[in-house]
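Topology and contacts: notes
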Protein chains: 4
Amino acid sequence: MISFTCDYTQGAHPLILEQLAKTNLIQEPGYGEDSFCRSAREKIREAVGCPRADVFFLVGGTQTNSTVIDSMLRGYEGVVAVSSGHIAVHESGAVEFSGHKVITLPAFAGKMRAGDLKAYLKAFHADASCEHMVYPGMAYISFPTEYGTIYSKQELTDIHSVCKEYGIPLFIDGARLGYGLASDAADLTLKELAGLCDVFYIGGTKVGALCGEAVVFPNGNAPAHFFTTVKQHGALLAKGRLLGIQFDVLFTDDLYMKISRNAIEKALQLKSLFAKAGYTFYIDSPTNQQFPVLGKAELEYLKGKVAFEIWEPLPDGRFVTRFATSWATTQEQIEELSGLLLKV
Amino acid sequence: MISFTCDYTQGAHPLILEQLAKTNLIQEPGYGEDSFCRSAREKIREAVGCPRADVFFLVGGTQTNSTVIDSMLRGYEGVVAVSSGHIAVHESGAVEFSGHKVITLPAFAGKMRAGDLKAYLKAFHADASCEHMVYPGMAYISFPTEYGTIYSKQELTDIHSVCKEYGIPLFIDGARLGYGLASDAADLTLKELAGLCDVFYIGGTKVGALCGEAVVFPNGNAPAHFFTTVKQHGALLAKGRLLGIQFDVLFTDDLYMKISRNAIEKALQLKSLFAKAGYTFYIDSPTNQQFPVLGKAELEYLKGKVAFEIWEPLPDGRFVTRFATSWATTQEQIEELSGLLLKV
Amino acid sequence: MISFTCDYTQGAHPLILEQLAKTNLIQEPGYGEDSFCRSAREKIREAVGCPRADVFFLVGGTQTNSTVIDSMLRGYEGVVAVSSGHIAVHESGAVEFSGHKVITLPAFAGKMRAGDLKAYLKAFHADASCEHMVYPGMAYISFPTEYGTIYSKQELTDIHSVCKEYGIPLFIDGARLGYGLASDAADLTLKELAGLCDVFYIGGTKVGALCGEAVVFPNGNAPAHFFTTVKQHGALLAKGRLLGIQFDVLFTDDLYMKISRNAIEKALQLKSLFAKAGYTFYIDSPTNQQFPVLGKAELEYLKGKVAFEIWEPLPDGRFVTRFATSWATTQEQIEELSGLLLKV
Amino acid sequence: MISFTCDYTQGAHPLILEQLAKTNLIQEPGYGEDSFCRSAREKIREAVGCPRADVFFLVGGTQTNSTVIDSMLRGYEGVVAVSSGHIAVHESGAVEFSGHKVITLPAFAGKMRAGDLKAYLKAFHADASCEHMVYPGMAYISFPTEYGTIYSKQELTDIHSVCKEYGIPLFIDGARLGYGLASDAADLTLKELAGLCDVFYIGGTKVGALCGEAVVFPNGNAPAHFFTTVKQHGALLAKGRLLGIQFDVLFTDDLYMKISRNAIEKALQLKSLFAKAGYTFYIDSPTNQQFPVLGKAELEYLKGKVAFEIWEPLPDGRFVTRFATSWATTQEQIEELSGLLLKV
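Between chain B and chain C, the superposition needs a rotation of 180° and an axial shift of 0.0 Å, giving an RMSD of 0.0 Å. Expressed as a symmetry operation, the mapping of one chain copy onto the other fits a two-fold axis. Taking the C-alpha atom as reference, chain B places B:R74 closest to the rotation axis, 3.9 Å from it.

Given below as structure tokens:
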């Protein structure tokens, strides 16, 4: 049965497996000191246009979020995110586990509004009792968001301006970064994004790798002893080569963006299939996650034929569903889905 | 240059890479719910002789230690280890990061003595001020230890008895479990070891895998919602298949033990080379880590010719070094080393 | 200048100071093992109608909340509170510091609704991805709330029922417990309240003591080694007698309730003064905190003449203010205020 | 029965109780913003000779240690102390609860040796694997120590020099500071001590107050938002006046040092009584804690007649005991003890 449940149902891009096999018996030091990691770091520095960037390879998204956030906050600070942000909902409290509050703002199509952030920060510092509260020490957004939406260059610029005005770093969770930048709706490049935040990560797990996220501090601004913080958080891979090799391949010949574009093409086809069949969408997503709304009957009909996620029930009895494409989605899979959709 | 610096200088056993390639495009759910993890769990249950065992796959050792320990302790409890235990020294304070003290006992050849543990626990509970101290909530040992030594069946039985007497679980860090069990000096099997503790893990990273540690709760005694604790600790791999596939291969046709035995054979040859050349050893290790003592001249001589680790300086000006073999060490590497050793 | 800014502007009830002086040189053991603490515990057990209750004396409110909550939650659990709850706003992230998320529900006049709690718990456990989220491990409410409102016996019963249905404890923050129970609007007694929760505390700091909160586990259900958790949280007072003596006095001859009633009487007079002068209230509070709404002119006029708190600005340019009475508020203070209020 | 079990068996110095009573109904703001705290801060700044010092009042010792330490360390750092240091033994893991390791050095008569600290720091930074370990981020010593001993001016100077060389702050736990400085063996003043560390606290709980510790950052070097960190740690007293009044009295007319000298005088008499009766001491303490060694018979004989602490059993069957005097110890108590001692 074909599956659109998420963008991590399959292994890795074949070129990665090839390179893992080819380099398998070369002896290299551990913990990211190997030549593959060095090469991957160089390629990433070039791709993001930041020759001084600090680049670290971690294993997974939740781990990366909690490690980066904890490393950049002081004990009395929390991180500001929208209420639908991944760290606020689906990370089992990993940020709180490290002692920090996730301060939430309302989400609009999964996004934070610069105006809301500014209003919050202004009110916080104007509040006579703010010393009894958690200080907002950084802002967190995801690109694309948990609802597949993306920030425009102007929106990012505005959020980053607010952060600079209040002296807090902006962190972009790029678990699906490629799928955001490859979207037709994106009006900014990886280089531009790198200039509009203080730290971000390039998601590998969901974009062609077996695992791995590349954390980038664009201005060489990694916190002191970040390596040790990574280890302390259980996020340091002994065989760092596994991450280095994968990112080296992904950042050779623009592979990361090429395979990201495959996911977008397939997502747009999928979106169009649902639209033609008369379905509406919970949200208008321009990236690899699509959220068609299914009635109970259509949902039951589809359930045994294709795998997807039931996102949330709607008050009217229908269901928001999620269909995700990925670097690996094939034309055949789209066509198979096409044959399965009931008209509504 | 050949390297004996550690047992994670190379990739994975070729059968693992083969299986990763073969299964690469099969669509499977994430987070350990895939068929490979299910299969690997079954094989491990059989190998450890515990049909009811709970088995979880985590990514790395430090992460596994801190996750297991935090999940089994209450907030007011700490974990008892020897002073040379990995959690006490080389994990960047990951256990303390989760709020727990590592209570240390003296190490004898890297090992904890049952008598010391008992004396400590007895004195603790007899101390009128124990309510002002950290309660010992579990015992941690590594098998083999950080010095390559292993516990005999009797020693393990004695430690476990003390733990049972005081009602605390015994946790065995098996980052190099295969190399311990495959040693000629081992007088117990994997099944027996599983019966002499409350939780342990089977190390993959150092024994043939790219990454991965299999946590086993032999009696189905995983703490409630251990999955969520794993996620909270940043230790849950999205593409759990990467771990499932690797352990499935390692526990097929006894591969795990077979490749462990290779490391032992090569280690004994290496040990014999050093001994014949007149070197002494810091400790008499029967496993894959060997600790020859080198004078300054021999150390300088060898340094550019083979990679190894300088473990610690001795008061007499000589150096304890570490040479580690692994599943991947070849006869050629041993022979190359043989040609390099100066007689002393 | 008279002050109504809060209910902790003055020292302690004179009978407490008298008793501190009288017992000052008696030698007693520390850490709550003294005879005064023993006596106070007995009197509280009687007052709450729970002969088996565990009673502990801590120093302050934030400390008590974070210690109790951390002691009753497992690592993967959080505490459910309303968004205006003290732990969610004004405790500098003390709960998150101990690793737990504060999960927020909407507040209605500062109160949690049983229906909302039930809906949340039901939806949580029905959510297929709940294992990736923070488990709701206890419910927290304050009595009276941060807005001076109180729960009816039925409301408390309903919330407690939901908690029991889902197997989580209910914790009542009673920093101002006396002021809630002494209110004319209260339809339940201290004994009844003790039967409708799993742990609560009787606030001393705001109700006649220099400091001190008495934590009550009504059914002898204190978590194992709670004493040690208290110490670990820095909440154990060496001279426990300071707390024992105070609570012993407060629970002799019903002093706690008598002085609570003084605060209520004065609050009702104050409320009536504002109402007669034409002011409205942000919320209809039946306890010692009153929230009159002042226009900019009235606020400026009053500011130099009496101390009070500006709670929050309203969109229409007016201000919510807070005037608090206490066990120590005198008729003279009320009369002085009366002469100061401008008619609107 | 008279008690020498510890130095917190009695209430407060009578002048403190008097002042509490006299100021009782004056209305003041909370959280340390009151006029008594302001006055006390000024007097302390003068007494320590640091006009720019930041001074904060916390409630108890364990709380103060963990709050100060956590506020001055980064997440990847630990605190270096001797193995008998209070934070390493009798604080229920409060430091670890905040995520930091207590790194221990050997104790000599309860004291840290500058040479040991330097050797440790040097070896740490020379260790190739130090990035995998906990960084030593501050040094902690107590004055006097848990064994009643004190550092000479030279010893403190040496330790502080090492700290400065390695760029880490030195923290002095002064829970019994007065008893150390008032000792005949002390060769330094409060002002000199303040110049030989980066943060210290002046213990009130054990030296005449009901509770309270005054944290001093001599160079105005309190960490940013220390107030909020104090609140987050549950260490902020709502009625800060209770602490302000007490320290204001203690630092008026040199009361703190005067009452400290009483404890020393009585301790020296007590020491002399034991010596004359033929007892030896576990350690030669010049401060208010004395550690006579009692045989089983003498211990049994004394037990029902006077209260004291059994510190630890000796291998030869005898017992180290602790007899503590305090600000409140009277000549009568010493004489009563005198009549009770058996000759040995």
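From this point on, the discussion continues.
As a further point, take the packing of helix α2 (residues 35–48) of chain C against helix α11 (residues 241–250) of chain C. Residues and elements named next belong to chain C. Closest axis-to-axis distance for the α2/α11 pair is 8 Å, and the angle between their directions is 40°. Viewed along their axes, α2 and α11 adopt a mutual orientation that is oblique. In this structure, the crossing between α2 and α11 has a hand that is left-handed. For the pair formed by α2 and α11, the contact residues are F36, C37, S39, A40, K43 and I44 on the first element and R241, G244, I245, F247 and D248 on the second. Here the residues of the contact of α2 with α11 are counted per class, giving six nonpolar, two polar and three charged.

With an RMSD of 0.0 Å, chain B superimposes on chain A once it is rotated by 180° and translated 0.0 Å along the axis. Here 100% of the contact residues of chain B are again contact residues in chain A; the copies associate through an equivalent surface.

Residues and elements named next belong to chain C. In space, the seven strands of this open sheet follow the order β1-β7-β6-β5-β4-β2-β3, with mixed pairing throughout. Each having just a single partner strand, β1 (54–58) and β3 (102–105) make up the two edges of the open sheet. Across this sheet, the average inter-strand angle for adjacent strands is 25°, counted without regard to direction. Where strand β5 (residues 170–173) meets strand β6 (residues 199–203), two bridges bridge the pair, whose relative direction is parallel. Bridge assignment links F171 to a residue of β6, and that residue is V199. Sheet strands in contact with helix α6 (residues 114–126) are β2 (77–82), β3 and β4 (135–142), and its direction is about 170° off that of β4.

Where the parts come together, the accessible area they lose is often given as the size of the interface. Listed per partner, the contact involves 19 residues of chain B and 19 residues of chain C. Summed over both partners, the interface of chain B with chain C buries about 1,700 Å², with 51% contributed by carbon and sulfur atoms. Seen at the junction of chain B and chain C, the total is zero salt bridges. At the boundary of chain B and chain C, one finds 10 residue pairs in polar contact (both at pLDDT 80 or more). Top contributing element to the side of chain B that touches chain C by residue count: helix α10 (residues 226–232) of chain B, with five residues.

Moving on to the interface of chain B and chain A. At the junction of the two partners, chain B supplies 45 residues and chain A supplies 45 residues. Overall, the association of chain B and chain A removes approximately 3,900 Å² of surface from exposure, summing both partners, and the carbon and sulfur fraction of that is 57%. On the chain B side of the interface with chain A, the three residues burying the most area are B:Q27, B:F97 and B:K239, jointly 21% of the side's total. Our enumeration of links across chain B and chain A arrives at zero salt bridges. Viewed at the interface, chain A and chain B are joined by 28 residue pairs in polar contact (both at pLDDT 80 or more). Elements with a contribution of two residues or more to the side of chain B that touches chain A: α1 (14–23), α3 (61–72), α5 (94–97), α10 and α11 (241–250) of chain B. For the side of chain B that touches chain A, the class distribution of residues is 20 nonpolar, 19 polar and six charged.

Conventions and cut-offs
Once a new chain begins, its residue numbering starts again from 1 and follows that chain's sequence as written. All chains are assigned letters beginning with A, and all ligands numbers beginning with 1, in the order in which they are written. With the structure being a predicted model, the display of local features is reserved for residues of pLDDT at least 70 and the display and counting of side-chain atom pairs for 80 or more, all residues being used for whole-chain, interface and lining totals. Only hydrogens and water are set aside when side-chain values are computed; all heavy atoms of the structure are taken into account. Residues reaching a pLDDT of at least 70 in both copies supply the C-alpha atoms on which the copies are superposed by least squares. To get an axis, a line is fitted to the C-alpha atoms, and for a helix only the part in contact is used. The angle between two axes follows their N-to-C directions and goes from 0 to 180 degrees. Only runs of H or I of at least four residues qualify as helices and only runs of E of at least two qualify as strands under DSSP, and these elements are numbered from the N terminus. Each angle is binned into one of four classes, with values under 35 degrees roughly parallel, values over 145 roughly antiparallel, values of 65 to 115 roughly perpendicular, and all other values oblique. Rotating anticlockwise by less than a right angle from the far helix to the near helix defines a left-handed crossing, while the corresponding clockwise rotation defines a right-handed one. Residue contacts are counted whenever heavy atoms from the two residues lie within 4.5 Å of one another. Gly is put with the polar residues, along with every residue not named as nonpolar or charged; the nonpolar set is Ala, Val, Leu, Ile, Met, Phe, Trp, Tyr, Cys and Pro, and the charged set is Asp, Glu, Lys and Arg. One bridge is not enough; two strands pair if DSSP finds at least two bridges between them. Defined here as a combined quantity, buried area equals the accessible surface (1.4 Å probe) lost by two parts on assembly, summed across both. Any Lys or Arg side-chain nitrogen located within 4 Å of an Asp or Glu carboxyl oxygen qualifies as a salt bridge. Side-chain atoms alone can form a polar contact between residues adjacent in sequence; in general such a contact is a pair of N or O atoms within 3.5 Å, and within protein one must be able to donate a hydrogen while the other accepts it.

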